[in-house]
Amino acid sequence: MADSDTTTPAEEGGATLGDALGEALGRPASVAGEMPQEDSPREPVRDDLGRSYATGKRKDAVARVWIKPGKGQISVNGRTFETYFARPVLRMMIDQPFQAAARTGQFDVVCTVRGGGLSGQAGAVRHGISKALLLYEPELRGVLKAGGFLTRDSRVVERKKYGRAKARRSFQFSKR
């Protein structure tokens with residue numbers, strides 16, 4: 001066979017799959033075959049008061065988080081986060097997104113959190129702060145993504161099974 005026998009429909013002047021798809025969608029053939037380019041940076045998302053809002057989740061806890069430029073004060077359910085989260089490990093968890101983004105003490109955080117225990121609530125607040133930071137400054141995406149702060153931790157408590165004491169624990173076996 002010669003090289004002229006192995007031509008594609010596009011080389012013969014026929015339509016390619018992308019051109020056909022573009023025509024079906026009502027777009028010009030030259031635009032349909034190309035992949036969309038995302039060269040433009042994402043725009044910050046802020047409300048009228050200059051705040052960014054995000055929802056964070058962890059286990060059964062859901063946190064609604066607003067961040068705005070400030071002195072680094074964090075308020076959880078109307079209390080300071082030092083009194084709400086008494087354990088230092090939980091306070092460290094909440095500060096992690098700011099430390100990773102080198103924005104410690106630059107944002108005030110107001111959040112309400114419901115459900116779950118203190119550990120789950122701290123994880124939910126951390127997730128919400130990370131997402132709100134991303135909306136406020138989209139260029140921080142790489143740093144926050146590399147730290148794993150934007151991924152929701154999907155681990156939840158396993159349900160109790162029928163005929164078992166708990167999710168996996170069986171009742172005590174008695175031979176006699």
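Quick note: structure is the one above.
Calculation rules
- Residues numbered from 1 in each chain as written.
- Predicted model: local features only at pLDDT ≥ 70, side-chain atom pairs only at ≥ 80, totals over all residues.
- Heavy atoms only, no water.
- Helix = DSSP H or I, 4+ residues; strand = E, 2+ residues; numbered from the N terminus.
- Buried < 20%, exposed > 50% of the residue type's maximum accessible area, 1.4 Å probe, protein only.
- Contact = heavy atoms within 4.5 Å.
- Areas by Shrake-Rupley, 256 points an atom, 1.4 Å probe, with all protein chains shown as cover.
- Pairing = 2+ DSSP bridges.
- Core = buried A, V, L, I, M, F, W, Y, C linked by side-chain atoms within 4.5 Å.
- Salt bridge = Lys/Arg side-chain N within 4 Å of Asp/Glu carboxyl O.

Q: What's the story with the overall build of the chain in this structure? I'm lost.
A: In terms of regular secondary structure, the chain is built from six helices and five strands. Its helices and strands taken in sequence order, the chain reads α-α-β-β-β-β-α-α-β-α-α from the N to the C terminus. Here the chain holds 176 residues, and 27% of them are scored as buried. Sequence-distant contacts in the chain: of pairs separated by 6 or more residues, those separated by 24 or more amount to 65%. Accessible surface computed for the chain: about 12300 Å², of which carbon and sulfur atoms make up 52%.

Q: In this structure, what is going on with the sheet that holds strand β1 (residues 52–58)? I would like to understand it.
A: Adjacent strands of a sheet form backbone hydrogen bonds with each other and so pair up, either parallel or antiparallel. Spatially, five strands are ordered β1-β2-β5-β3-β4 in an open sheet, and the strand pairing comes out mixed. One side of each edge strand has no neighbouring strand; the edge strands of this open sheet are β1 and β4 (79–80). With two bridges connecting them, strand β3 (residues 74–76) and β4 associate as antiparallel partners. Note that in β4 the partner of Val76 across the bridge is Arg79.

Q: Can you walk me through the nonpolar core in this structure?
A: Inside soluble globular proteins, nonpolar side chains tend to come together where they are buried. Residues Ile67, Val76, Phe85, Val125, Ile129 and Leu133 are the most contacted members of the largest nonpolar core, which totals 31 residues. When contributions to this core are tallied by element, the ones reaching two or more residues are β2 (61–69), β3, α3 (81–84), α4 (88–100), β5 (107–114) and α5 (118–136). For this core, the element with the most residues is α5, which contributes eight residues. Residues within four places of Val76 in sequence aside, it is in contact with Phe81, Tyr84, Phe85, Cys111 and Val113.

Q: Help me understand the pattern of salt bridges in this model?
A: It is possible for side chains of opposite charge to pair when their charged atoms get near one another. With the rule as written, the count across this model stands at six salt bridges. Across the salt bridge formed by Asp47 and Arg51, the nearest N and O atoms sit 3.0 Å from each other. Because the salt bridges share partners, they merge into one network encompassing Arg58, Asp153 and Arg155.

Q: What's the story with the pairing of β5 in this structure? I'm lost.
A: One face of the sheet, then the other: side chains in a regular strand alternate in exactly this way. For β2 and β5, the ladder comprises eight bridges, and the chain directions are antiparallel. Within β5, the residue paired with Lys68 across the bridge is Asp108. Pairing analysis gives three bridges linking β3 to β5, with the strands arranged parallel. Across the sheet, the residue bridging to Val76 is Cys111, located in β5.

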